[in-house]
Amino acid sequence: MATPVLDKVEADSAASPYITVTFRIRRFNPEVSDEAQWQDFQIEIDPKERVLDALHKIKWDVDGSLTFRRSCAHGICGSDAMRINGKNRLACKTLIKDINPDKPITVEAIKGLTVLKDLVVDMEPFFQAYRDVMPFLVTKGNEPTRERLQSAEDRERFDDTTKCILCAACTSSCPVFWNDGQYFGPAAIVNAHRFIFDSRDEAGEQRLEILNDKDGVWRCRTTFNCTDACPRGIEVTKAIQEVKRALITRRY
């Protein structure tokens with residue numbers, strides 16, 4: 001007959017939520033090799049945890065050389081965008097149980113940007129495109145003595161595109177951007193949209209002219225990859241179409 005202590009141990013073991021999950025991570029270290037290689041890590045983890053938690057466990061307990069970006073860990077900063085099982089996601093918002101932990105979970109850097117090490121890419125081209133579309137309010141005249149008021153209806157016109165967290169998930173999911181890094185990309189167009197349709201702004205025409213360039217909005221092929229990849233649920237493709245429509249109709 002089992003002792004009460006053994007009964008408790010067996011019960012705790014049976015109730016344990018932990019399972020063994022294999023993470024297959026695409027590693028790249030330019031100081032070691034010019035080629036990237038896949039490396040498997042098997043860890044015990046609760047499937048209700050996030051992929052970011054698994055990466056932390058691997059880095060802290062298994063291999064401290066694993067390199068990735070993360071900051072707030074709550075889907076606000078956008079720094080931990082990566083390809084998980086072939087789809088762009090935020091590691092901090094992706095639960096292990098939602099991506100079939102019975103099979104190896106692949107994790108790799110987002111595409112279209114130069115990989116610096118492991119899951120870290122060079123974001124400078126992405127942020128340069130963002131800067132190029134003038135992502136700030138432009139007005140004329142003297143500084144007002146009070147806030148610039150705006151109706152709820154006017155605010156709603158561009159409300160969706162204010163949600164962007166600059167994670168690059170949309171831009172790095174775009175086939176056009178993969179093949180031509182000169183393309184502004186969905187995120188830059190989304191942030192231009194946010195000001196083009198802001199009733200308080202006076203530089204909409206200038207932004208439209210920037211996006212009318214050969215590397216601008218007309219490069220979009222409407223594949224909806226960007227909309228599917230956005231962790232904030234922004235209707236990215238719709239925003240791009242609205243910018244195209246504004247370019248066509250602005251002279252009429």
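See the structure printed just above.
Scope of this entry: the structure provided in the associated data block.

Criteria and thresholds
- Residues numbered from 1 in each chain as written.
- Predicted model: local features only at pLDDT ≥ 70, side-chain atom pairs only at ≥ 80, totals over all residues.
- Heavy atoms only, no water.
- Buried < 20%, exposed > 50% of the residue type's maximum accessible area, 1.4 Å probe, protein only.
- Helix = DSSP H or I, 4+ residues; strand = E, 2+ residues; numbered from the N terminus.
- Pairing = 2+ DSSP bridges.
- Axes fitted to C-alpha atoms, helices over the stretch in contact; angles between N-to-C directions.
- Contact = heavy atoms within 4.5 Å.

**Some thoughts on the pairing of strand β3 (residues 81–84)**
And then number 1: Side chains of β3 alternate between two faces, with A81 and R83 and M82 and I84 buried alike.
And then number 2: Where β3 meets strand β4 (residues 87–90), four bridges bridge the pair, whose relative direction is antiparallel. In the strand pairing of β4, R83 is matched with N88.
And then number 3: If you look at the hairpin formed by β3 and β4, you'll find two residues sitting between the two strands, and N85 has a positive phi there, around 50°.
And then number 4: Where β3 meets strand β5 (residues 105–108), two bridges bridge the pair, whose relative direction is antiparallel. Its bridge partner lying in β5, R83 is registered against E108.

**Topic: the sheet that holds β4**
And then number 1: Strand order in the open sheet formed by five strands is β2-β1-β5-β3-β4, and the pairing between neighbours is mixed. The sheet terminates laterally at β2 (37–45) and β4, the two strands that pair on one side only. Taking each pair of neighbouring strands and ignoring which way they run, the sheet shows an average axis angle of 35°.
And then number 2: Sheet topology places strand β1 (residues 19–27) next to β5; three bridges connect them, and they run parallel. Along β5, the bridge assignment pairs R24 with T106.
And then number 3: Sitting on the sheet, helix α2 (residues 51–61) is in contact with β1, β2 and β3, with an inclination near 100° to β2.

Take it as geometry only, folks, not as evidence of what the structure does.
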